[in-house]
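Each chain is listed here by its residues.
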Amino acid sequence: MAAQTAAAQKPTLFIVRHGERVDETSHKAAWKAQTPANRRFDPPLTAQGATQARTAAEFLRSQCFDRIYASPCARTLATAKELSEALGDLPVTVVPALAACAAAVKKRGLENLPFLAPTEMARMCPRIDSFGESAPKSFEAACAWVSQQTPQALVVSHREGIRDLAGERLKLPYCAIADFEAPRGGDAPGGLDWVLKRLHAPTGKLLLAR
């Protein structure tokens, strides 16, 4: 019976968009002036972005997660740090391909960008305890890989990832929370055939339901 129950359980994926990034604020010029050109694809989180992440964590408390899976970008790692601390120090796994959906990464290629070294990531997000290097290289396949690790997963990624899985250009505030479900037997090329069930603002306000 337990095996039948496990088999019947549909994988669920909660994807949180990162919080506010500095290059989309009035501080963009100052940040750009002091950042090497090859690192400008990876802007940091602002203080407001950290607040947005903590607000999202309050809403997510009603769910059960055993860890967080995060894109290797500075803004997603900082968002994951805030979520981890607010949700009881959840461990964090960095999955490189969870950044493959971001516009700059699509343009230049995941392997061609100088992401932070693991030691730098760990300083930014101390609860990192593993790196999913063995995960596939596309965003969709990485989401499928994450869903194989746990039936209900919490992912910190980018708005393009939510849009790609949903198949539509949704309006997504910072730290928007998208709740996806994978129908049993709904395999698609490169990953699972995810269905967007609900979209929330970080405050928990329902933006979309299906």
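Look a little higher up for the structure.
Computed from a predicted structure; not experimentally measured.

## Description of empty space enclosed by the protein
Alright, step 1. Summed over all chains, the structure comprises one cavity of 30 Å³ or more.
Alright, step 2. Quantified by volume, the largest cavity comes out at close to 40 Å³.
Alright, step 3. For the largest cavity, the full set of lining residues is Val95, Pro96, Ala97, Leu110, Gly132, Glu133, Ala135, Pro136 and Lys137.
Alright, step 4. When the residues that make up the lining of the largest cavity are grouped by side-chain class, the tally is six nonpolar, one polar and two charged.

## Concerning the pattern of salt bridges
Alright, step 1. Inspection of the entire model under this criterion finds 14 salt bridges.
Alright, step 2. For Asp42, the salt bridge goes to Arg39, with nearest N and O atoms at 2.8 Å. When sorted by exposure, Asp42 lands in the same class as Arg39, which is buried.
Alright, step 3. The residue Glu82 makes a salt bridge to Lys81 at a minimum N-O spacing of 3.9 Å.
Alright, step 4. Of the residues examined, Glu82 reaches a relative accessible area of 11% and is grouped as buried.
Alright, step 5. Overlapping salt bridges bring together Arg21, Asp23, Glu24 and Arg159 as one network.

## Focus: the environment of His200
Alright, step 1. Within the element layout of this structure, His200 appears in strand β9 (residues 195-200).
Alright, step 2. The spatial distance from the C-alpha of His200 to the C-alpha of Cys175 is 9.0 Å, given a sequence separation of 25 residues.

## So, the sheet that holds strand β5 (residues 152-157)
Alright, step 1. Strand order across the open sheet formed by eight strands is β4-β3-β2-β5-β1-β6-β9-β10, with mixed pairing between neighbours. Edge positions in the sheet fall to β4 (128-131) and β10 (206-209), since each has one partner strand and no second. Sheet twist, expressed as the mean angle between neighbouring strand axes with direction ignored, is 25°.
Alright, step 2. Two strands pair when backbone bridges link them, and strand β1 (residues 12-17) and strand β6 (residues 177-181) are joined in this way by five bridges, in the antiparallel orientation. Pairing of Ile15 across the sheet is with Ala178, part of β6.
Alright, step 3. Against the sheet, helix α7 (residues 139-149) engages β1, β2 (68-70) and β5, with an angle of about 125° to β1.

Rules used in this analysis
- Residue numbers restart at each chain and count upward from 1, following the sequence in its written direction.
- Local features in this predicted model are restricted to residues of pLDDT 70 or higher, and side-chain atom pairs are both shown and tallied only at a pLDDT of 80 or more, whereas totals for entire chains, interfaces and linings draw on every residue.
- As a convention, hydrogens and water are excluded, and side-chain values are obtained from all of the structure's heavy atoms.
- Space inside and on the surface of the protein is sampled on a 1 Å grid over the protein atoms alone, with a cavity defined as a set of points where a 1.4 Å probe fits but cannot get out and a pocket as an open set with protein on both sides within 12 Å along at least 5 of 7 lines; lining residues have an atom within 4 Å of a point.
- Grid points are joined across faces, edges and corners, and a volume is the space filled by probe spheres set on the points.
- Amino acids are sorted into nonpolar (Ala, Val, Leu, Ile, Met, Phe, Trp, Tyr, Cys and Pro), charged (Asp, Glu, Lys and Arg) and polar (every other residue, Gly among them).
- Counted as salt bridges are all cases of a side-chain nitrogen of Lys or Arg within 4 Å of a carboxyl oxygen of Asp or Glu.
- Partly exposed residues are those whose accessible area sits between 20% and 50% of the maximum for their type, while under 20% is buried and over 50% is exposed, using a 1.4 Å probe and protein chains only.
- Labels follow the DSSP assignment, with helices taken as runs of H or I lasting at least four residues and strands as runs of E lasting at least two, numbered in each case from the N terminus.
- Two strands make a pair as long as DSSP finds a minimum of two bridges between them.
- Axis definition: a line fitted to C-alpha atoms, over the contacting stretch in the case of helices. Angles run 0 to 180 degrees between N-to-C directions.
- Working rule for contacts: check all heavy atoms of both residues, and any pair within 4.5 Å makes them a contact.

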